[in-house]
Amino acid sequence: GRGPAPAPVPASHTVGVGLSLERRDDDDTTFVERIVPGFAAERSGQFALGDEVLAVDDTSVQGWPLDAIKNLTIGREGSQVTMHMLRRSNQQPYSVTVQRRLPDFTNQDNAEAQDFLVDR
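Residues numbered from 1 in each chain as written. Predicted model: local features only at pLDDT ≥ 70, side-chain atom pairs only at ≥ 80, totals over all residues. Heavy atoms only, no water.

**Things to note about the environment of Ser60**
Inference 1: Among the structural elements, Ser60 can be located in strand S5 (residues 59-60).
Inference 2: For Ser60, a relative accessible area of 40% gives the class partly exposed.
Inference 3: Residues Ser60 and His84 lie 24 residues apart in sequence; the distance between their C-alpha atoms is 8.7 Å.
Inference 4: Residue contacts for Ser60: discarding those within four places in its chain leaves Leu54 and Ala55. (Helix = DSSP H or I, 4+ residues; strand = E, 2+ residues; numbered from the N terminus. Buried < 20%, exposed > 50% of the residue type's maximum accessible area, 1.4 Å probe, protein only. Contact = heavy atoms within 4.5 Å.)

**What about the pairing of strand S3 (residues 30-35)?**
Inference 1: Where strand S2 (residues 19-23) and S3 come together, five bridges link them in antiparallel fashion. Within S3, the position partnered with Leu21 by the bridge is Val32.
Inference 2: Connecting the antiparallel pair S2 and S3 is a turn made up of six residues, with Asp28 showing a positive phi of about 65°. (Pairing = 2+ DSSP bridges.)

**A look at the pairing of strand S7 (residues 80-86)**
Inference 1: With five of seven residues buried, S7 lies mostly within the body of the structure.
Inference 2: For strand S4 (residues 52-56) and S7, the ladder comprises four bridges, and the chain directions are antiparallel. By the bridge assignment for S7, Val56 is matched with Met83.
Inference 3: Across seven bridges, S7 lies against strand S8 (residues 93-99) in antiparallel orientation. Residue Thr82 lies in a different strand from S8, and its bridge partner there is Thr97.
Inference 4: Once S7 ends, the chain turns through six residues before running back antiparallel as S8, passing Gln91 with a positive phi of about 60°.

**Description of the side chain of Thr30**
Inference 1: Mapped onto the elements of the fold, Thr30 is located in strand S3.
Inference 2: Take Thr30: its relative accessible area is 2%, and that puts it in the buried class.
Inference 3: Within the structure, the side chain of Thr30 is placed 2.9 Å from the side chain of Arg23, a separation counted as a polar contact.
Inference 4: Each residue touching Thr30, except ones within four places of it in the same chain, is listed here: Leu21, Glu22, Arg23, Asp51, Glu52, Val53, Trp64, Leu66 and Ile69. (Polar contact = N/O pair within 3.5 Å; in protein donor to acceptor, adjacent residues only side chain to side chain.)

**Examining unusual backbone geometry**
Inference 1: Look at Asp57: it is not a glycine, yet its phi comes out positive at around 55°.
Inference 2: When you line up the elements, Asp57 lands in the loop between S4 and S5.
Inference 3: With a relative accessible area of 32%, Asp57 lands in the partly exposed category.
Inference 4: Positive phi, close to 60°, is recorded for Gln91, a residue that is not glycine.
Inference 5: You can see Gln91 is positioned in the loop between S7 and S8.
Inference 6: When its relative accessible area of 49% is taken as the criterion, Gln91 is described as partly exposed.

Okay, here's the thing in structure tokens:
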């Protein structure tokens, strides 16, 4: 063991937007594999599975490693981030600005997501 259980997360913790991303090998695009319940992306109601991530704020992430993209989407709780996306169903670009926030609840659907979205 490594000492006592971790203390509660301090107020300045960081959080992602709640998009689980995957890479398509054939064309090297990054797409939304999962929208995690309770986080900003799901609450906005504007993202769809399979949508491609074009840029985060003003930074194009096309061809970037998934970890690097994830690092861009993570920030202080309460801060805003703009996701520039491409709708897979009609190939129309769209942008969504969301406020990073922690879920109001934790359940089995998002418990594992907290592990990789919240930087403890």
